[in-house]
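The chain contents come next:
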Amino acid sequence: MNWATTTIGECARALRDGTTTPHELLTESLARIEATNGELNAFLALSPDRAHEQATKAAERLQKEGSSASPLCGVPVAIKDVLCTEGIETTAGSKILQGFIPPYTSTAVQRLIDAGAIVVGKTNCDEFAMGSSNENSAYGPVSNPWDTTRVPGGSSGGSAAAVAAGTVTFSLGTDTGGSIRQPAALCGVVGMKPTYGRVSRYGVVALASSLDQVGPFTQTVEDCAMVYGAIAGHDPRDSTSSPSAVDDPLITLRRGVEGLRLGVPKEYFGEGLDSGVKATVEKALQQLESLGAKLVEVSLPTTDVGLSTYYIIMPAECSSNLARYDGVRFGHCAPQSSLTATYMTSRDEGFGPETKRRLMLGTYALSSGYYDAYYRKAQKVRTLVAEDFSRVFRDVDALVCPTSPVVAFPKGDRSDPYSMYLCDVLTIPVNLAGLPGLSLPCGFVDGLPVGLQVIGPRFADNLVLQVAYAYEQSTAWHKERSPIASAVAS
Amino acid sequence: MTSAMTLSPADIDHLAMLARLGLTSNERGIIASQLDNILDHVSTLSKVDTAHVDETARVTELVDVWRDDVMAPSFLVDVALRNAPQRDGQYFKVGAIQE
């Protein structure tokens, strides 16, 4: 059995028929991480002792419950380092939280542990989830398993690379403006951002509280549905968590796209979209049409102001959220003669350049004299962005489009901040409108993966998975493996 | 909101103080020009007509989420203080606020 390329479903079958055990899967995962992390830097911390304890419990549970145990039971998972894990260092990719050991576990991770999944370690990410290339981490950049001179995308670059490299079966990331979907596209894996409010944000190091969502990285859409089903649902500890019931996504997953109306937003195929990506995604759309979907051209005129809206709202919210890093209750502290000086020095020493940039930008947008012109204005434009989507969803069931305007780019290529922000121009509006979005592989340009994005109305997460599954199963892109995964497997 | 806004050194100092960031003078210069560039881009929002549009703080159907005032287990003091850079018995230790 080639464990480097197995899905959750295949692991679940092998665990139940005795082909393998949780300890064996874990041992192999740890060995694959050791073989690849020098080159990829996808992992920041491993928790082998705890993981082996979890593997023992998983083995007992499989013995007792057999096929009624969750399919995630005994399967290795990696967690982005912005999700708190009790007893395991959680840094958010920042020096300011170096050595921080959370006293509790985030709800999303706890639900995976309760299902029996084995938390192998914490993955690298852009500092405080700010970035689109995983080059902003205080712990070094992550490399793309398809071409290690290139970025994996960000901010959940470590989680995407960990799955694409065949080191863990699945992982968790967070998505504020595209930070799951964009690295999924660049690393050739499946990545999903659920509807805002579907997955608890309790225990997630907050970036922008009205935009952040936790979601899975997997090798297949079915795996993604399984993980989403396990982590989604109301959490009384998160007051933004939706109380509406989560229907099992596996029930509707195989319904296909026959008769569905799929909107193609024309503004997502304009200037700035790489011609190779455009051609690849257009082929995917033709494939969906051949499966019985009706493609309908739609217009989202607010697309061109989405980036500006986001880069006022997100820094504003982050400047508020990151005020807690003052060196008093946790995090780096550099005591000075005055309290104010202590705050300023601790934060200056602890935060990296992109974090400081966004803090300054957010502070400006919220400051007296500028609040109305920037923050309040952006909030109004946000209403228009959400209304744009609501309007098109009266006519179509879901939207299909590219995830990223480009394939993975070389490290160091986008040193100008604004050129980096442009990476998320096709993902950001989805966060502003609180919608579910998913990226899955749809081809390659010069050997580098391209992602197809599926977007649905609020709470239509199961429909998004259904559309993605239908496309995936009619192609073989999900069976392609990165050179790193293939090398480890052989 | 106007385009081609230039942040003065005094503006940067003010923002750094509000954000409690002790930036070096080199950092201040770099950030000033980067912010000018970003603000120039985001100022396109001023052209959008929002005359009769309400603000969206968060896309949610929820309003006034309450819970019953029921006691439940929480952190023990020792656990809550575990990551404190400075502690004094059962307390976080912090510098005096009055200077």
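This one's a predicted model, so the numbers in the text were calculated from it and none came from an experiment.

Is there a simple way to think about the sheet that holds strand S6 (residues 213-218) of chain A in this case?
Strand pairing in a sheet relies on backbone hydrogen bonds, with the paired strands running either antiparallel or parallel. Residues and elements named next belong to chain A. Read from one edge of the open sheet, 11 strands run S1-S3-S2-S4-S6-S5-S10-S11-S9-S7-S8, paired in mixed fashion. Here the strands that pair on one side only, and so sit at the sheet edges, are strand S1 (43-46) and strand S8 (294-298). The sheet shows a mean angle of 30° between the axes of neighbouring strands, taken without regard to direction. Bridge analysis of strand S7 (residues 261-265) against S8 gives 5 bridges, and the strand direction is parallel. The residue of S8 that forms the bridge with Pro 265 is Val 298.

Is there a simple way to think about unusual backbone geometry in this case?
The phi torsion of most residues other than glycine is negative, and most of the peptide bonds are trans. Cis geometry is found at the peptide bond from Gly154(A) to Ser155(A), where omega equals 10°. When you line up the elements, Ser155(A) lands in the loop between strand S3 (118-123) and helix H5 (157-164).

Mind showing me how you'd approach the interface of chain B and chain A here?
A common way to report how large an interface is uses the accessible area buried once the components associate. Tallying the contact residues gives 52 residues for chain B and 64 residues for chain A. Both faces combined, the contact of chain B with chain A buries some 5,200 Å², and carbon together with sulfur accounts for 67% of it. Between Arg376(A) and Glu55(B) there is a salt bridge whose closest N-O contact spans 3.2 Å. On the surface where chain B and chain A come into contact, there are 18 residue pairs in polar contact (both at pLDDT 80 or more). If you list the elements that add at least two residues to the side of chain B that touches chain A, you get helix H1 (9-18) and helix H2 (25-42) of chain B. In terms of residue count, H2(B) provides more of the side of chain B that touches chain A than any other element does, 9 residues in total. Along the lines of polarity and charge, the residues of the side of chain B that touches chain A split into 31 nonpolar, 13 polar and 8 charged.

Explain the nonpolar core to me, please; I cannot follow it from the model alone.
A general tendency of soluble globular proteins is for nonpolar side chains to be buried together. Residue and element names in this part refer to chain A. Of all hydrophobic cores here, the largest spans 167 residues; its most connected members are Leu 112, Phe 128, Leu 172, Phe 389 and Leu 452. Among all residues touching Phe 389, those that are not within four sequence positions of it are Tyr 268, Leu 300, Leu 399, Pro 429, Val 430, Ala 433, Leu 435 and Ile 455. Judged by nonpolar contacts, the second largest core, of 8 residues, contains Leu 186, Val 406, Ala 408 and Met 420.

Sorry, what's going on with the pairing of S6(A) here?
Each regular strand displays side chains that alternate between the two surfaces of the sheet. Residue and element names in this part refer to chain A. With 6 of 6 residues buried, S6 is to be regarded as a mostly interior element. Where strand S4 (residues 170-175) meets S6, 5 bridges bridge the pair, whose relative direction is antiparallel. Each bridged residue has a counterpart across the sheet, and for Ser 171 the counterpart in S6 is Phe 217. When strand S5 (residues 190-193) meets S6, the two strands line up antiparallel, connected through 2 bridges. By the bridge assignment, Gly 191 is partnered in S6 with Phe 217.

What should I look at first to understand the packing of helix H12 (residues 353-366) of chain A against H2(B) in this one?
Taken N-terminus to C-terminus, the directions of H12(A) and H2(B) make an angle of 60°; their axes are 10 Å apart at the nearest point. In terms of their interaxial angle, H12(A) and H2(B) are classed as oblique. Seen from above, H12(A) lies across H2(B) with right-handed handedness. Listed contacts from H2(B) to Lys356(A), Arg357(A), Met360(A), Leu361(A) and Tyr364(A) of H12(A) are Glu27(B), Ile31(B), Gln34(B), Leu35(B), Ile38(B) and Leu39(B). A per-class count over the contact of H12(A) with H2(B) returns 7 nonpolar, 1 polar and 3 charged.

Is there a simple way to explain the confidence of the model for chain B in this structure?
In low-pLDDT segments, the atomic positions of the prediction should not be examined closely. All names here are of chain B. Averaged over every residue, the pLDDT of chain B is 90; residues scoring 70 or more account for 93%. Averaged pLDDT values over the elements of chain B bottom out at 93 in H2 and peak at 96 in H1. Confidence estimates for the predicted assembly give a pTM of 0.97 and an ipTM of 0.94.

Sorry if this is basic, but what is going on with the pattern of salt bridges here?
Opposite charge on two side chains permits pairing when their charged atoms draw close. Summed over all chains, the structure comprises 19 salt bridges over all chains. The salt bridge partner of Arg376(A) is Asp372(A), with a shortest N-O separation of 2.9 Å. With Arg376(A) and Asp372(A) both in helix H13 (residues 372-392), this residue pair falls 4 residues apart, about one helical turn. Put simply, Asp13(B) and Arg28(B) hold a salt bridge, and the shortest N to O gap is 2.6 Å. With Asp13(B) in helix H1 and Arg28(B) in helix H2, this residue pair connects regions lying 15 residues apart in the sequence. By relative accessible area, Asp13(B) is classed as partly exposed at 40%.

Reading the values: rules and limits
Residues numbered from 1 in each chain as written. Chains lettered and ligands numbered in written order. Predicted model: local features only at pLDDT ≥ 70, side-chain atom pairs only at ≥ 80, totals over all residues. Heavy atoms only, no water. Pairing = 2+ DSSP bridges. Helix = DSSP H or I, 4+ residues; strand = E, 2+ residues; numbered from the N terminus. Axes fitted to C-alpha atoms, helices over the stretch in contact; angles between N-to-C directions. Contact = heavy atoms within 4.5 Å. Buried area = accessible area lost by both parts, 1.4 Å probe. Salt bridge = Lys/Arg side-chain N within 4 Å of Asp/Glu carboxyl O. Polar contact = N/O pair within 3.5 Å; in protein donor to acceptor, adjacent residues only side chain to side chain. Nonpolar A, V, L, I, M, F, W, Y, C, P; charged D, E, K, R; others polar. Core = buried A, V, L, I, M, F, W, Y, C linked by side-chain atoms within 4.5 Å. Buried < 20%, exposed > 50% of the residue type's maximum accessible area, 1.4 Å probe, protein only. Parallel < 35°, antiparallel > 145°, perpendicular 65-115°, else oblique. Left-handed = near helix turned anticlockwise from the far one by under 90°. pLDDT = per-residue confidence, 0-100.

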